[in-house]
Amino acid sequence: MTDAVERAEAFRDYAEQTAGCTKCALAGGRTQVVFGSGNPDAQVMFVGEAPGFHEDQQGLPFVGQAGKLLERLLEGIGLTRGDVYIANVLKCRPPGNRDPVPDEIAACEPHLFRQIELIEPTLVASLGNFATKLLSGRPAGITRVHGYEQEVTLGTRKVLLYPLYHPAAALYTPSMLKVLEQDFARIPDLLARSTGEQNPPEEQESPEPVDAQPTVQLGLF
Ligand code: URA
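About the thresholds
Every chain begins its residue count from 1, and numbering advances along the sequence as written. Two thresholds apply to this predicted model, a pLDDT of at least 70 for residue-level local features and 80 or more for giving and counting side-chain atom pairs, whereas whole-chain, interface and lining totals are computed over all residues. Calculated side-chain values reflect all of the structure's heavy atoms, with hydrogen atoms and water omitted. When accessible area is computed with a 1.4 Å probe and restricted to protein chains, residues below 20% of their type maximum are described as buried, those above 50% as exposed, and intermediate ones as partly exposed. The numbering of helices and of strands both runs from the N terminus, where a helix is a DSSP run of H or I of at least 4 residues and a strand a run of E of at least 2. A pair of strands is labelled paired if DSSP reports no fewer than 2 bridges between them. Any cysteine sulfur atom paired with another within 2.5 Å is treated as part of a disulfide.

Caption draft 1: Focus on the pairing of strand β4 (residues 123–127). Here β4 lies mainly inside the structure; five of its five residues are buried. Here β4 shows no split at all, with L123, A125 and L127 on one side and V124 and S126 on the other all buried. Alignment of strand β2 (residues 44–48) against β4, held across four bridges, turns out to be parallel. Pairing of V44 across the sheet is with L123, part of β4.

Caption draft 2: A look at the state of the cysteines. All told, the structure shown has zero disulfides when counted by the stated rule. You can see C21 has no disulfide; the closest cysteine sulfur is in C108, sitting 6.3 Å from it. For C21, a relative accessible area of 17% puts it in the buried group. There is no disulfide at C92, and the cysteine sulfur nearest it, in C24, is 6.1 Å away.

Below is the structure:
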């Protein structure tokens, strides 16, 4: 069996196991586990916060308004949902779409890390504060770090982490949407860089985050 086939099987097995997860109290209120969707062999993975109402009903991440925007942003850089893998920090919907709490994040974290280990992405785009803080292991908020890629080790793998605003935050804020589009536009280059394909060295440099920028913690995103 090839490595890719083995990984695909392991991924399916893991999704099946996770469907019955009872590691935290969210199991009691969910319709179903929202494991993730897309190409489990993708080079790029997007990680959001948690399923909302529609995701919980349909069993798929990002199928509501924020998902439609995410699809549009992907289209803008020549990608479809089928080219990438989309998952969340939490696999179950928090009641009333409230913020994830630390116990839930800690209970669910192994699922996300196992997904990353099996998918082997080279670029991971974190959408919003919760995914960014979890995957960077740092407290800096998304307003300060969006658009600044950083090398991180997730489990046993080195990946390029690319924090982005959460699409839900940009839905009704045109200025944020503009920034999100600009940040998205860098993904093809970062992807090429993360897979070691191309780009002259000077284009690989990115500016340091500016300390003077305000650190705003967007509660939801
Ligand atoms: N917001 C998220 O963070 N994830 C989803 O799946 C949907 C909306």
